[in-house]
Amino acid sequence: MIEILERGDCCGCTACVNACPVQCIVMRKDREGFDYPLADSYKCIGCGKCEEVCPVISPMPERKPLAVLGGRCGEYVARSASGGIFPYLAEKVTGLGGLVYGVAFEADMSVSHREAKDMNEVECFRGPKYVQSELYAVFDDVRENLAEGRSVLFSGTPCQVAGLKNYIGRDDAGLWTVDFACHGVPPPALWKRYAGSLEKRYGAELSGVSFRDKARSWMHYDVVYEFRKDGEHCRTVRTKYMEDPYMALFVQNMTLRPSCYNCPVRCGRSGSDLTLGDLWNVRNCLPELDDDAGTGLVLVNTERGRQMLEG
């Protein structure tokens, strides 16, 4: 078996697994809980497809955004972690019969990418999930839907977008991509252990998580955990984000994937059409929106991204 020895050389995007024509590559977790590709040298035919799609080996060029915008979507801002820009984009795509791919919590509180056909299904994508998501066969699903003529909006970390763009083809007219100002990703195994410790502490099943709850303040947000017992809601735990151990470690860069410390797709190299974030400097940039309700930052990276906002 062939494995990656330098852990910082892999972002776990799964593009290589999907691109291999003989399916000789699988993802396996290391002791930290991060997925890495493992290749069967006896099955490998040396075609080089895995290297062609790898965003580390075959990176895209650096880019500067065409425009930098700030704002919010009034219809969605109250229930969004920031300015409600993503659900606005998703509504446009689903309204045209397209599909949206985003990240959701599963019933067991694991985090994975899903497909959504309408805004009811998109609802579970809202809010950040500070865990590296499981992609499974999502790249293949996106390719099949594009081949059938359906428009697709894919949202994910910059490295996931870069892997998908390399795998699908960087100029597919039906693919719209959105990433975000990424802080890095902790391992799913760490989140699973922490969630388990919360359940043990409160004697109930963890049923919901909001890593960025702005009910008290957008600028100084809380982490909120919901618990249930015997199928019924029984407790809500609200904590300031720096007082929550999981979030404190994340914010202080102590639990990130090794590749995140030297991100291979920084400086606009993800290939995304739009990059979303929080306009923390709203007081100086857009003082009329400085009401602590949440304001989104949008980097317009391509003309297609501009069309997504304006069309």
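Residues numbered from 1 in each chain as written. Predicted model: local features only at pLDDT ≥ 70, side-chain atom pairs only at ≥ 80, totals over all residues. Heavy atoms only, no water.

> Please explain the packing of helix α3 (residues 85–95) against helix α10 (residues 303–310) as it appears in this structure.
The packing of two helices is summarised by the inter-axis angle and the distance between the axes. Close contact between α3 and α10 brings their axes to 9 Å; oriented N to C, the two are set at 90 degrees. If you check the angle between α3 and α10, you find them roughly perpendicular. On α10, the residues that touch Y88, L89 and K92 of α3 are Q307, M308, L309 and E310. Class assignment for the residues of the contact of α3 with α10 results in four nonpolar, one polar and two charged. (Axes fitted to C-alpha atoms, helices over the stretch in contact; angles between N-to-C directions. Helix = DSSP H or I, 4+ residues; strand = E, 2+ residues; numbered from the N terminus. Parallel < 35°, antiparallel > 145°, perpendicular 65-115°, else oblique. Contact = heavy atoms within 4.5 Å. Nonpolar A, V, L, I, M, F, W, Y, C, P; charged D, E, K, R; others polar.)

> I'm lost on the sheet that holds strand β2 (residues 25–29) in this one. Help?
As a general point, the strands of a sheet are linked pairwise by backbone hydrogen bonds and lie either parallel or antiparallel. Pairing within the open sheet is antiparallel, and its three strands lie in the order β1-β3-β2. Two strands bound the open sheet, and with one partner strand each, they are β1 (2–3) and β2. Of the strand pairs in this sheet, β1 and strand β3 (residues 35–39) are connected by two bridges, and their pairing is antiparallel. Bridge assignment links E3 to a residue of β3, and that residue is L38. (Pairing = 2+ DSSP bridges.)

> How should I be thinking about the pairing of strand β13 (residues 296–300) in this particular structure?
Two faces belong to every sheet, and in a regular strand the side chains alternate between them. Of the two faces of β13, only one is covered, namely that formed by G296, V298 and V300; the face formed by L297 and L299 stays uncovered. Sheet topology note: the strand β4 (residues 67–71)/β13 ladder contains five bridges and is antiparallel. Across the sheet, G71 pairs through a bridge with G296, a residue of β13. Pairing analysis gives five bridges linking strand β12 (residues 274–278) to β13, with the strands arranged antiparallel. Pairing of L276 across the sheet is with V298, part of β13. (Buried < 20%, exposed > 50% of the residue type's maximum accessible area, 1.4 Å probe, protein only.)

> Got a minute to help me understand the sheet that holds β13 in this structure?
The seven strands lie next to each other as β4-β13-β12-β8-β7-β5-β6, forming an open sheet whose pairing is mixed. Each edge of the open sheet carries a strand with a single partner, namely β4 and β6 (111–116). Geometrically, the sheet is characterised by an average inter-axis angle of 25 degrees between neighbouring strands, direction not taken into account. Looking at chain direction, strand β8 (residues 175–180) and β12 are connected through three bridges and run parallel. Across the sheet, residue V178 finds its bridge partner in β12, namely L274.

> What am I meant to see in the environment of E3 here?
Mapped onto the fold, E3 is located in strand β1. On a C-alpha basis, the gap between E3 and S41 in space is 9.9 Å, while along the polypeptide they are 38 residues apart. Excluding its chain neighbours within four sequence positions, the residues that come into contact with E3 are P37 and L38.

> When you look at the pattern of salt bridges in this model, what are you seeing that I'm missing?
If the charged atoms of two oppositely charged side chains come close together, the side chains can form a pair. Scanning the model with the defined rule gives 16 salt bridges in all. When the shortest N-O distance is used, the salt bridge between E115 and K117 registers 3.2 Å. A relative accessible area of 47% places K117 in the partly exposed class. One connected set of salt bridges, linked through shared partners, spans D213, R216, D222 and R238. (Salt bridge = Lys/Arg side-chain N within 4 Å of Asp/Glu carboxyl O.)

> Would you mind showing me how to read the side chain of S82 here?
When you line up the elements, S82 lands in the loop between β4 and α3. A distance of 2.9 Å separates polar atoms of two side chains, one belonging to S82 and the other to D278. Separated by 3.1 Å, the side chain of S82 and the backbone oxygen of T295 make a polar contact. Each residue touching S82, except ones within four places of it in the same chain, is listed here: V77, K214, W218, G277, D278, A293, G294, T295 and G296. (Polar contact = N/O pair within 3.5 Å; in protein donor to acceptor, adjacent residues only side chain to side chain.)

> Help me understand unusual backbone geometry, please; the structure alone is not making it clear to me.
Excluding glycine, a negative phi dihedral is what most residues carry, and trans is how most peptide bonds are arranged. Of note, the phi angle at M109 is positive, near 70 degrees, even though the residue is not glycine. Along the chain, M109 falls in the loop between β5 (99–105) and β6.

> Explanation requested: α3 in the structure shown.
Within an α-helix, residues lying three or four positions from one another point in the same direction, as the helix has 3.6 residues per turn. Among the residues making up α3, those that are buried are I85, F86, P87, L89, A90, V93 and T94. One or two positions beyond α3, positive phi appears at G97, with a value near 85 degrees.

> Even after reading the chapter, I still don't get the side chain of S270, so can you show me in this structure?
Relative to the assigned elements, S270 resides in the loop between α8 (245–251) and β12. Within the structure, S270 has its side chain in polar contact with the side chain of D179 (distance 2.7 Å). Leaving out residues up to four positions away in the same chain, S270 has contacts with M60, R63, P158, V161, A162, K165, D179 and V265.

Note that every value here comes from positions in space, so none of it alone points to a role or purpose.
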